[in-house]
Amino acid sequence: MWRRLRSALRSLRGSPAASPHGGGGRPPAAMERAVVRCVPSEPKLSLRFVLPDGSARHMQRDQEEPLGRALARIATNAAKGQGKAGKKSKKARAEGGAEGEAAVPAVRLFSRDGAAVAEEVPNAAAWQDGAVLHIGDARYRVERNPPALTELRLPRSLLAGFPVCPKVSAEFAAPQHCLFRWFREQRPAGGGEAAGEAWVETAAAERVFTPSNALVGLRLKLRCTPGDGEQRYGPALEVESSGPVEAGPGACTFDARHLYTKKVCGHGSVRTVSYNILADTYAQTEFSRTVLYPYCAPYALEIDYRQNLLKKELAGYSADLICLQEVDKSVFVDSLAPALDAFGLEGLFKIKEKQHEGLATFYRRDKFSLLSQHDIAFSEALLSEPLHKELCEQLAKYPLVQEKVLQRSSVLQVSVLQSTTDPSRKLCVANTHLYWHPKGGNIRLIQVAVAMSHIQHVACDLYPGIPVIFCGDFNSTPSSGAYSFISSGGIAEDHEDWVSNGEEERCSMSLSHPFKLLSACGEPAYTNYVGGFHGCLDYIFIDRNALEVEQVIPLPSHEEITTHQALPSVSHPSDHIALICDLKWK
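These figures come from a predicted structure and were not determined experimentally.

Novice: Quick one: what's the story with the overall build of the chain, residue by residue and with numbers?
Specialist: Across its full length, the chain holds 15 helices and 30 strands. Counting across all 586 residues of the chain, residues that qualify as buried make up 53%. Considering only residue pairs separated by 6 or more positions, the chain has 70% of its internal contacts joining residues 24 or more positions apart. If you sum the accessible surface of the chain, you get close to 25700 Å²; carbon and sulfur atoms cover 50% of it.

This is the structure in structure tokens:
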């Protein structure tokens, strides 16, 4: 990545932090820069500047150290620099006497109002933004914690018609305050090779750029200037794409759905999405390519390709809440979180125990703020939390089932959100992915029991009476015990799912929960469609006492789903289908 990341960071000499577009001129006083990084949580501050002889200096000093010691060290460094310069000049040696000797320059620090800063003042308090450092005749303007980029990265795969969302990490800056300039490669004249690198600036000046078909075959370059929202800007960085823009797949399964979700819904409504996005860790196995998805073109199973589709699909739903399952940790950190952040969504992640994938919940920042998180791993919670003591004791009567339950890595993500416009409106948003095995109905019933007890603790004890939205891949059809338990509020001890894996694993319990939950999107014919199976496994359960369904976004047609036989495909990034509905408070 560093080979492709080219710094447009001019040398510290004459590159003012307040020049957002990186113009070539110095400030009127031609003052140099002394860049100070001082963070309260760290014991040392750093100081960077360029001496008059052109040598760069990077010093680390204790924040509590008296300023006088730091100034003395700067003076010593400056004298050494002059001495080294003297060695290179016979004339300097003839005029200056002994080789390497140089006068120690006067070094002082002055505050913004021109007063000398006392030498006993601690470094952390002395080096303030706008102060002026004198090293002999040279003058340096102190820039304390100027905006700086720590990472700038473009996706490896670029498709025409699909949003390009860079990963932007910054210090003392925020992506929404940064300046973005997008460039495209100059197309070689006459179809031959270009004589040298040439870039043409596009009209785009936003964080997200969607290349047109006209850019197919050309690489992209992004120049980003970090800003802090207070008219302070740091040095720009540039990054070039590793490959050219490629042609998109044409029509996708979600294009027609986007017609219903062009705009974010009003403050009284909550557009909610639940989606198992198919973890890369499962899509890229030999078993997946040859047995599970043999009908899918191998390139369409690659994570870079699927991420293009996913980002466009999710961004186009203009959602307020998105609950995702099978999210690779690296996909969340490097791809989805940066991309959805650019569309106004904040992300939370919960990894499965001993796995590389987990759950992600995103919420729209201008509609909700996060009050608290209450995530659990089912097996750990069952053993350690008093809340589940009775269930744990019942389960102990069935050691075979107990062992299987405790071996599972499944987790539950629970987030409490508060409306930014009406603080009295809060939501308990739960997200899960239950055990997958077709004969694991009894295991899923136990997992649901733990989930409902935990949600009850959050929504009844910690935040009494707040509405619940429970999303996920439940790996349960509408005829299953898990679905019946969630939607009816109870499960009988003689339900057939207690013997889903035979009599030897019978596990009979009578369980209940206090919620009145409704499947907001009903019971579609299928939400998972692969070569050997199709069925409804995913749901958005809502608190029917507090919430009602405004609209359900239609699922893709059967013809769209089966255009390439099954899912995933070149036009659909997962083997599941996203559920989307608009909810409103009653």
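Novice: Give a detailed account of the packing of helix H13 (residues 441-462) against helix H14 (residues 481-488), specifying residues and quantitative values.
Specialist: Relative orientation of the contacting elements H13 and H14 amounts to 25°, with a least axis distance of 9 Å. Comparing the axis directions of H13 and H14 gives the class roughly parallel. Considering how the two elements wind past one another, H13 and H14 form a crossing that is right-handed. Residues Leu445, Val448 and Ala449 of H13 form the contact with H14, whose participating residues are Gly481, Ala482, Phe485 and Ile486.

Novice: With reference to specific residues and values, describe the sheet that holds strand E14 (residues 269-276).
Specialist: As summarised here, the arrangement of the six strands in space is E16-E17-E15-E14-E30-E29, forming an open sheet in which the pairing is mixed. Both outer strands of the open sheet, strand E16 (345-351) and strand E29 (547-552), are each paired with one neighbouring strand and no more. Going across the sheet, the axis of each strand differs from the next one's by a mean of 25°, ignoring polarity. Note that E14 and strand E15 (residues 321-328) share five bridges and pair parallel. From the neighbouring strand, Tyr275 faces E15, where its bridge partner is Leu324.

Novice: Pulling in residues and values, what's your account of the side chain of Ser46?
Specialist: Secondary-structure assignment places Ser46 in strand E3 (residues 44-50). Apart from residues lying up to four places away in sequence, Ser46 is in contact with Val35, Val36, Arg37, His58, Met59 and Gln60.

Novice: Give me the lowdown on the sheet that holds strand E6 (residues 132-135), citing residues and values where you can.
Specialist: Taken together, the six strands give an open sheet; going across it, the order is E4-E3-E2-E7-E6-E5, and neighbouring strands pair in mixed fashion. In this open sheet, the two strands that pair with only one neighbour each are strand E4 (56-62) and strand E5 (107-110). Here the strands of the sheet are splayed against their neighbours by 25° on average, with no regard to which way each runs. Strand direction decides the pairing type here: E3 and E4, joined by seven bridges, are antiparallel. The residue of E4 that forms the bridge with Lys44 is Asp62.

Novice: Outline helix H8 (residues 303-316), listing residues and values.
Specialist: Relative to the 20 Å expected for 14 residues at 1.5 Å per residue, H8 spans 20 Å between its end C-alpha atoms, a close match to the ideal helical length. Most of H8 sits inside the fold, with 12 of its 14 residues counted as buried. Next to the buried residues of H8 lie helix H4 (255-258), E14, helix H5 (280-283), helix H7 (298-301), E15 and helix H9 (329-342). Following H8 by one or two positions, Ser318 has its phi on the positive side, about 50°.

Novice: Which residues make up the side chain of Asp328, and what values go with them?
Specialist: Along the chain, Asp328 falls in strand E15. In this structure, Asp328 is buried with no salt-bridge partner, the nearest side chain bearing the opposite charge being Arg306 at 5.3 Å. Residue contacts for Asp328: discarding those within four places in its chain leaves Ala279, Asp280, Thr281, Phe349, His356 and Glu357.

Novice: Explain the packing of aromatic side chains to me, and be specific about the residues and the numbers.
Specialist: Across all of its chains, the model carries 14 aromatic pairs by this definition. Considering the side-chain rings of Phe474 and Tyr539, the 6.0 Å spacing of their centres and the 55° angle between planes classify their relative orientation as tilted. In this pair, Phe474 is assigned in the loop between strand E22 (468-473) and H14 and Tyr539 in strand E28 (residues 538-543), connecting sequence segments 65 residues apart. Both residues of the pair, Phe474 and Tyr539, belong to the buried class. Ring centres 5.8 Å apart and planes at 50° place the aromatic pair Tyr483 and Phe541 in the tilted group. Placement of Tyr483 in helix H14 and of Phe541 in strand E28 is noted, with a sequence separation of 58 residues between them. The buried category is assigned to Phe541, whose relative accessible area is 0%. An aromatic cluster is present here, built from Phe470, Phe474, Tyr483, Tyr539 and Phe541 joined pairwise through their rings.

Novice: I'd like to hear about the pattern of salt bridges, residue by residue, with values.
Specialist: Applying the stated criterion to the full structure yields 28 salt bridges. Asp582 is the partner of Arg271 in a salt bridge, and the nearest nitrogen-oxygen pair spans 2.7 Å. Residue Arg271 is found in strand E14, and its partner Asp582 is found in strand E30 (residues 579-585); the two are separated by 311 residues along the sequence. For the salt bridge of Asp320 with Arg364, the shortest nitrogen-to-oxygen distance reads 3.5 Å. Taken as a pair, Asp320 in the loop between H8 and E15 and Arg364 in strand E17 (residues 357-364) lie far apart in primary sequence, 44 residues in all. Given a relative accessible area of 9%, Arg364 falls into the buried group. Taken together, the shared-partner salt bridges connect Glu151, Arg153, Lys167 and Asp334 into one network.

Novice: Describe in detail the nonpolar core, supporting the description with residues and values.
Specialist: Formed by 46 residues in total, the largest nonpolar core has its most connected members in Leu412, Ile446, Ile455 and Phe470. Element by element, the count of residues in this core is highest for H13, at 11 residues. In this structure Ile446 touches Leu382, Leu391, Leu395, Val405, Trp498, Cys507 and Met509, once residues within four positions along its chain are discounted. One finds Ala300, Leu336, Ile561 and Ala566 within the second-largest nonpolar core, a separate group that totals 43 residues.

The rules behind each value
Just so you know, the residues in each chain are numbered from 1, in the order the chain's sequence is written. Per-residue local features of the predicted model are confined to residues with pLDDT of at least 70, and side-chain atom pairs are confined, for both listing and counting, to 80 or more; whole-chain, interface and lining totals are unaffected and use all residues. For the side-chain quantities, the full set of heavy atoms in the structure was used; hydrogens and water were omitted. Runs of H or I in DSSP of at least four residues are treated as helices and runs of E of at least two as strands, each being numbered from the N terminus. Burial classes follow relative accessibility: with a 1.4 Å probe on protein chains only, a residue under 20% of its type's maximum area counts as buried, one over 50% as exposed, and anything between as partly exposed. A contact between two residues is defined here by any heavy atoms of the two lying within 4.5 Å. For accessible areas, the Shrake-Rupley method is used with a probe of radius 1.4 Å. Any residue's cover is judged against the shown protein chains and nothing else. Angles shown run from 0 to 180 degrees and are taken between the N-to-C directions of axes, each axis being a line fitted to C-alpha atoms and, for helices, limited to the stretch in contact. To sort the angles, those under 35 degrees are grouped as roughly parallel, those over 145 as roughly antiparallel, those from 65 to 115 as roughly perpendicular, and the leftovers as oblique. Take the far helix as the reference: if the near one is turned anticlockwise from it by less than a right angle, the crossing is left-handed, and if turned clockwise, right-handed. Any two strands between which DSSP finds at least two bridges are classified as paired. To estimate how far a helix should extend, the number of its residues minus one is multiplied by 1.5 Å. Two residue types count as positive, namely Lys and Arg, and two as negative, namely Asp and Glu; His and chain ends fall outside the count. The salt bridge definition used is simple: a Lys or Arg side-chain nitrogen within 4 Å of an Asp or Glu carboxyl oxygen. Each pair of aromatic rings taken from Phe, Tyr and Trp, with Trp reduced to its six-membered ring, is defined by centres within 6.5 Å and is described as stacked if the planes are under 30 degrees apart, edge-to-face if over 60, and tilted in the remaining cases. Among buried residues, those of type Ala, Val, Leu, Ile, Met, Phe, Trp, Tyr and Cys that are joined through side-chain atoms within 4.5 Å constitute a nonpolar core.

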